[in-house]
Amino acid sequence: MSTDNGELALDVREVEKVYRGRVHALRGVSMKVRRGEIFGLLGPNGAGKSTLVKIMMTVVHPTKARGTLLGQPIGHKPTLAKVGYLPEHHRFPGYLTGRQALEFYAALAKVDRRTRKRRADELLKVVGMSDWAGKSVSSYSKGMMQRVGLAQAMINDPDLVVLDEPTDGVDPVGRREIRDLLLSLRDQGKTVFLNSHLLSELEMVCDRVAIMVQGLIATQGTLEELTVESQRYEIVIDGSPPVWLVEHAAMRAERAAENQTRLVIQGSDPAPIQPILDRLRSEQRIICAVKPMRETLEDLFMRAVTDPTTGAIKQVGAATGKRVAPGPGGGE
Amino acid sequence: MTAALALLLDSYRELNSRKLFWLTLLLSVVIDCLLLLIGITPDKHLSLLWLHTPFPVMPSTTLSVLLKQTYIIIGINLWLTWAATILALISTASIFPDFISGGSIDLVLAKPIGRLRLFLLKYLTGLLFVGMQVGAFSVVAFVIIGLRSGAWEPGLLLAVPLVLVFFSYLFAVCVLLGLLTRSTIASLLLTILFWLFLFLMNTADKAMLMPHVTNDLYVEKLEARLATAQQQSDSGSAQRTAGLEKELAEARSDRDAIRRWHGYILAVKTPLPKTDDTMNLLVHRVIAAAHLSEEQPEDDQHQLPFLTFKMRAAGVRVTEVLERFESVQRSRTLPWVLGTSLIFEGVVLALAAWIFCRRDF
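Within any chain, residue numbers begin from 1 and follow the written order of that chain's sequence. Written order decides the labels, with chains lettered from A and ligands numbered from 1. Per-residue local features are limited, in this predicted model, to residues with pLDDT of at least 70; the limit for side-chain atom pairs, both in listing and counting, is 80 or more; totals at the level of whole chains, interfaces and linings are taken over all residues. Hydrogen atoms and water are omitted, and side-chain values are computed over all heavy atoms in the structure.

Time to look at the overall build of chain B. Segments assigned H or I by DSSP are reported as helices when at least four residues long, segments assigned E as strands when at least two residues long, and all are numbered from the N terminus. Scanning chain B for helices and strands turns up 13 helices and 3 strands. Here the C-alpha atoms of chain B give a radius of gyration of 26 Å, more than 25% beyond the 21 Å that 2.2 N^0.38 yields for 361 residues. When the backbone C-alpha atoms are referred to their principal axes, chain B occupies close to 90 × 55 × 30 Å. The cut-offs for exposure are 20% and 50% of the maximum accessible area for each residue type, with area from a 1.4 Å probe on protein chains only; residues under the lower value are buried, those over the upper are exposed, and the others partly exposed. With 361 residues in all, chain B has 50% of them scored as buried. Every residue pair with non-hydrogen atoms within 4.5 Å of one another is taken to be in contact. Sequence separation of 24 or more characterises 78% of the internal contacts of chain B that already satisfy a separation of 6 or more. To measure how exposed things are, a 1.4 Å probe is used in the Shrake-Rupley method; for residues, cover is taken only from the protein chains shown. Just so you have it, chain B exposes about 16800 Å², and 69% of that area is on carbon and sulfur atoms. A positive count includes Lys and Arg, and a negative count includes Asp and Glu. His and the chain ends are not counted in either. Every charge is mapped onto a representative atom, which is NZ of Lys, CZ of Arg, CG of Asp or CD of Glu. Looking at charge distribution, chain B has the averaged site of its 31 positive side-chain charges lying 7 Å from that of its 29 negative ones. All radius of gyration figures rest on C-alpha atoms, and the globule criterion is 2.2 Å times the number of residues raised to 0.38.

Shown next as structure tokens:
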């Protein structure tokens with residue numbers, strides 16, 4: 001029976017995984033990924049990201065899991081025909097050539113013979129591996145393996161592409177090509193689920209992100225939503241802070257460069273800064289810069305992994321011992 | 001079906017990439033060439049190509065018999081049973097540890113194919129190695145024997161299914177150990193150790209069977225002599241009867257002790273795969289199918305270790321012992337030899353499949 005609500009590519013609720021009865025890798029993860037978006041999952045090492053992805057892909061059995069993948073219950077094997085997956089540190093059999101590897105995994109995904117030959121040629125071209133298609137994968141560099149791995153994840157023309165560290169080992173040019181590829185997938189209406197440590201790259205392509213810490217989703221949403229509290233304008237002026245600073249409750253001053261002051265105004269609305277700029281100009285102060293600012297993904301990430309009470313980085317890795325209830329930041 | 005064919009093709013490519021696969025095939029060709037080169041000279045000596053060897057053959061031996069016997073002794077007993085099996089184990093031991101290694105298994109498990117189906121397909125394609133090797137070897141041997149001697153014996157091809165079954169016992173154990181240890185070397189060494197254990201059990205069985213049948217015959221002879229002595233009424237019959245009764249009691253006691261120990265060995269052996277018996281089955285079936293007669297020793301020219309002077313004096317003959325020995329071995333039915341072995345294999349495979357299906361990779 002289909003439980004597809006049409007909008008969600010992934011809708012998981014209360015996913016738990018306990019390894020050997022001791023290690024709580026996932027402690028009740030809930031997450032929604034909409035169709036046609038690029039979704040980024042990030043978190044420190046051992047946070048449980050790969051375990052969650054492996055549960056989605058039936059590589060790991062969940063201790064508890066509810067929810068759907070492309071409208072079907074998690075673990076429904078036939079649905080995987082519409083999912084492409086690139087695991088972290090993937091390894092193709094060394095006796096296959098790049099083209100043979102693509103055709104082999106396409107056949108396992110039940111792609112017919114003619115289509116898989118055509119798709120293999122097309123995708124090898126897309127990832128820039130056409131010249132190496134007939135060579136054994138054992139002769140490939142890590143970056144080349146990653147490119148063929150990406151082609152493998154798309155060989156079955158999937159609706160959902162799950163990529164675990166897709167740019168691992170890829171040079172800057174290759175990374176840019178991969179980013180363009182991901183954006184083109186989104187333009188084709190595909191859903192992309194990215195699992196990565198490279199925050200700057202995720203920031204460039206992701207529509208929505210989730211941050212996982214110690215087996216729980218600490219926060220998730222669009223970058224806009226997640227950084228709304230941190231949005232501000234910064235005005236850099238020459239000289240000391242204006243004397244009328246105290247009249248503006250939403251404004252504070254910081255020392256910038258030598259003999260410069262940075263005025264910080266909270267909020268994303270540009271209207272409140274106009275009278276401030278007018279007043280500065282009327283005082284003939286030199287305005288060096290006016291910048292809309294917000295937290296970067298890295299700031300957001302660091303905030304999520306930092307204990308607000310102690311200021312220390314939360315313990316890396318999955319929790320051991322008894323299950324801990326999800327914090328207020330977790331959940332959907 | 002697409003996935004099954006893909007796995008089949010992948011296994012072929014995997015085997016094809018291994019030098020050992022081709023080395024084994026080359027050695028099979030060398031042994032087949034032996035069938036092409038040997039012959040019988042007009043003065044009934046063995047010839048190799050154009051060379052006359054000093055080894056005489058039996059006057060009744062024809063070229064057909066010589067070729068079939070060579071196929072059985074060298075092809076089956078030496079090559080397929082031992083050397084080719086060891087090479088096949090070395091070649092296939094890495095199939096599952098490689099298959100379940102990190103980064104490799106994820107790609108396969110994330111496809112729309114059930115784990116049990118995946119496991120069984122991988123197992124069956126692993127048997128492809130031996131199937132191809134034995135198939136090629138036996139078919140070529142069949143053709144050479146047919147072309148050279150005119151004896152087209154399809155029975156020679158029985159080697160293909162029986163060697164495959166024989167190898168599958170060991171491969172199932174190797175797969176289970178590969179899944180448990182995730183190591184090619186560990187699974188290979190432990191499988192060979194297991195095979196050695198089976199060999200020792202078979203050797204112990206044979207070693208106990210010989211005194212078992214010898215003592216059975218000895219008791220039977222004594223019982224017959226006692227019955228005869230009891231019917232006689234001459235002056236010494238009472239003394240002879242008493243002597244025979246005493247000897248019979250001792251013989252029965254020895255026989256019961258041997259039977260008991262042999263029973264223990266059989267009890268251990270019964271649930272285990274019967275590698276030796278399976279190959280014996282093959283040799284007997286091939287001999288029968290190829291219309292060969294099994295060599296029988298000429299009586300009393302041979303010594304048997306358990307045939308004592310007292311037993312010989314009681315009328316136990318070497319031929320009788322060997323016939324009884326062969327008869328007991330042949331009485332081990334197909335269900336006992338293959339059935340119990342396949343049940344063992346099934347249990348081992350079921351356990352391995354359960355581990356494969358339940359494991360988090």
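This paragraph deals with the interface of chain A and chain B. Contacts between the two partners involve 30 residues from chain A, matched on the other side by 28 residues from chain B. Put simply, a salt bridge is a Lys or Arg side-chain nitrogen that is within 4 Å of an Asp or Glu carboxyl oxygen. In this assembly, chain A and chain B are joined by 2 salt bridges. Lys54(A) is the partner of Asp106(B) in a salt bridge, and the nearest nitrogen-oxygen pair spans 3.4 Å. For this analysis, a polar contact is any N or O atom pair within 3.5 Å, provided that within protein one partner can donate a hydrogen and the other can accept it, and provided that sequence-adjacent residues contribute only side-chain to side-chain pairs. The interface formed by chain A and chain B includes 18 residue pairs in polar contact (both at pLDDT 80 or more). For the side of chain A that touches chain B, the secondary-structure elements that each account for two or more residues are strand S1 (8-19) and helix H2 (98-108) of chain A. No other element matches H2(A), which puts 5 residues into the side of chain A that touches chain B.

This next bit is on the pattern of salt bridges. Per the counting criterion, the structure on display carries 39 salt bridges over all chains. Between Lys122(B) and Asp10(B) there is a salt bridge, and its shortest N-O distance comes to 3.7 Å. Highlighted residues: Lys122(B) in helix H6 (residues 115-149) and Asp10(B) in helix H1 (residues 2-16), separated in sequence by 112 residues. By relative accessible area, Asp10(B) is classed as buried at 4%. Ionic contacts of the salt-bridge type, sharing partners, join the residues Arg232(A), Glu234(A), Arg252(A), Glu254(A) and Arg262(A) into one network.

Residue and element names in this part refer to chain B. Two numbers describe how helix H7 (residues 159-181) lies on helix H8 (residues 184-231): the axes approach to 8 Å, and their chain directions differ by 140°. One way to sum up the angle between H7 and H8 is to call them oblique. Here the hand of the crossing between H7 and H8 comes out right-handed. On H8, the residues that touch Phe-166, Leu-170, Val-173, Cys-174, Leu-177, Gly-178 and Thr-181 of H7 are Ala-186, Ser-187, Leu-190, Thr-191, Phe-194, Trp-195 and Leu-198. Only Asp, Glu, Lys and Arg are considered charged in this grouping, and only Ala, Val, Leu, Ile, Met, Phe, Trp, Tyr, Cys and Pro are considered nonpolar; every other residue, Gly among them, is considered polar. Of the residues contributing to the contact of H7 with H8, the split by class is 10 nonpolar, 4 polar and no charged. In this analysis, axes come from line fits to C-alpha atoms, helices being fitted only over the stretch in contact, and the angle between any two N-to-C directions falls in the range 0 to 180 degrees. For classification purposes, an angle smaller than 35 degrees is called roughly parallel, one larger than 145 roughly antiparallel, one from 65 to 115 roughly perpendicular, and anything else oblique. Each crossing is labelled by how the near helix is turned from the far one, with a counterclockwise turn of less than a right angle marking it left-handed and a clockwise turn marking it right-handed.

Glancing now at the state of the cysteines. All names here are of chain B. Cysteine sulfur atoms are paired as a disulfide whenever they fall within 2.5 Å. A full pass over the atoms with the stated rule returns 0 disulfides over all chains. With no disulfide partner, Cys-174 has as its closest neighbouring cysteine sulfur the one in Cys-357, 19 Å distant. Classification of Cys-174 as buried rests on a relative accessible area of 2%.

Only Phe, Tyr and Trp rings take part, Trp by its six-membered ring, and two of them pair if their centres are within 6.5 Å. Stacked means planes under 30 degrees apart, edge-to-face means over 60, and tilted covers everything else. By the definition in use, this model includes 19 aromatic pairs over all chains. Ring centres of Phe99(B) and Phe356(B) lie 6.0 Å apart, and the angle between their planes is 15°; on these two criteria the pair is classed as stacked. Note that Phe99(B) is positioned in helix H4 (residues 95-99) and Phe356(B) in helix H13 (residues 334-358), a separation of 257 residues in sequence. Since its relative accessible area comes to 6%, Phe99(B) is described here as buried. A relative accessible area of 0% places Phe356(B) in the buried class. Whether a charge sits over a ring comes down to the Lys NZ or Arg CZ being within 6 Å of the ring centre and within 35 degrees of the ring normal. One residue, Lys135(A), lies across the ring of Trp132(A), its end atom 5.4 Å from the ring centre.

Quick look at the sheet that holds strand S1 (residues 38-40) of chain B now. All names here are of chain B. What the 3 strands build is an open sheet, ordered S1-S2-S3; its pairing is antiparallel. Strands with a single pairing partner mark the edges of an open sheet, and in this sheet they are S1 and strand S3 (51-56). Sheet twist, expressed as the mean angle between neighbouring strand axes with direction ignored, is 35°. The pairing criterion for strands is at least two bridges between them, as found by DSSP. The pairing of S1 with strand S2 (residues 45-48) spans 3 bridges and is classified as antiparallel. Each bridged residue has a counterpart across the sheet, and for Gly-39 the counterpart in S2 is Ser-47. Against the sheet, helix H2 (residues 19-37) engages S1 and S2, with an angle of about 20° to S1.

Let us now look at H8(B). What a helix is expected to span follows from its residue count: subtract one and scale by 1.5 Å. Under the 1.5 Å per step criterion, the end-to-end length of H8(B) is 70 Å for 48 residues, consistent within 8% with the ideal 70 Å. Its side-chain oxygen at 3.4 Å from the backbone nitrogen of Ile185(B), Ser183(B) defines the N-terminal cap of H8(B).

Another aspect to go through is the environment of Leu164(B). All names here are of chain B. Looking at where Leu-164 falls in the secondary structure, it is placed in helix H7. By relative accessible area, which is 25% here, Leu-164 ends up partly exposed. Setting aside residues up to four positions removed in sequence, Leu-164 forms contacts with Leu-127, Val-130, Gly-131 and Ala-159.

Another aspect to go through is the sheet that holds strand S13 (residues 260-266) of chain A. In sheet architecture, strand pairing relies on hydrogen bonds along the backbone and comes in two forms, parallel and antiparallel. All names here are of chain A. The 4 strands are arranged S12-S13-S11-S14 in an open sheet whose pairing can be described as antiparallel. For this open sheet the edge positions go to strand S12 (251-255) and strand S14 (287-293), each flanked by a neighbour on one side alone. Going from strand to strand, the sheet's axes swing by 20° on average, the running direction of each strand aside. Bridge analysis of S12 against S13 gives 5 bridges, and the strand direction is antiparallel. The residue bridging Arg-255 from the neighbouring strand is Thr-261, located in S13.

This part takes up the pairing of S2(B). With antiparallel pairing between neighbouring strands as the criterion, S1(B) and S2(B) make up a hairpin whose turn holds 4 residues, including Lys44(B) at a positive phi of roughly 60°. Linking two consecutive strands that pair antiparallel, namely S2(B) and S3(B), is a turn of 2 residues; a positive phi of about 60° is found at Leu49(B) within it.

The next subject is the nonpolar core. As used here, the term nonpolar core means buried Ala, Val, Leu, Ile, Met, Phe, Trp, Tyr and Cys residues forming a set that is joined through side-chain atoms within 4.5 Å. Met31(A), Met57(A), Phe193(A), Tyr71(B) and Phe356(B) are the most contacted members of the largest nonpolar core, which has 166 residues in total. Of all the elements, H7(B) adds the most residues to this core, at 15 residues. Every residue in contact with Met57(A), bar those within four places of it in the chain, is listed here: Leu80(A), Val83(A), Tyr85(A), Val162(A), Leu109(B) and Ala110(B). Counting residues in each nonpolar core, the second largest holds 21 residues, with Met210(B), Leu217(B), Ala229(B) and Ala251(B) among its members.

Here we take up the pairing of strand S9 (residues 208-213) of chain A. Within a regular beta strand, the side chains point alternately toward one face of the sheet and then the other, so they alternate between its two faces. Residue and element names in this part refer to chain A. Of all 6 residues that make up S9, 6 are buried, and the element is covered over most of its length. Side chains of S9 alternate between two faces, with Arg-208, Ala-210 and Met-212 and Val-209, Ile-211 and Val-213 buried alike. As judged from the 4 bridges shared by strand S3 (residues 38-42) and S9, these two strands associate in the parallel manner. By the bridge assignment for S9, Leu-42 is matched with Ile-211. Of the strand pairs in this sheet, S9 and strand S10 (residues 216-222) are connected by 6 bridges, and their pairing is antiparallel.

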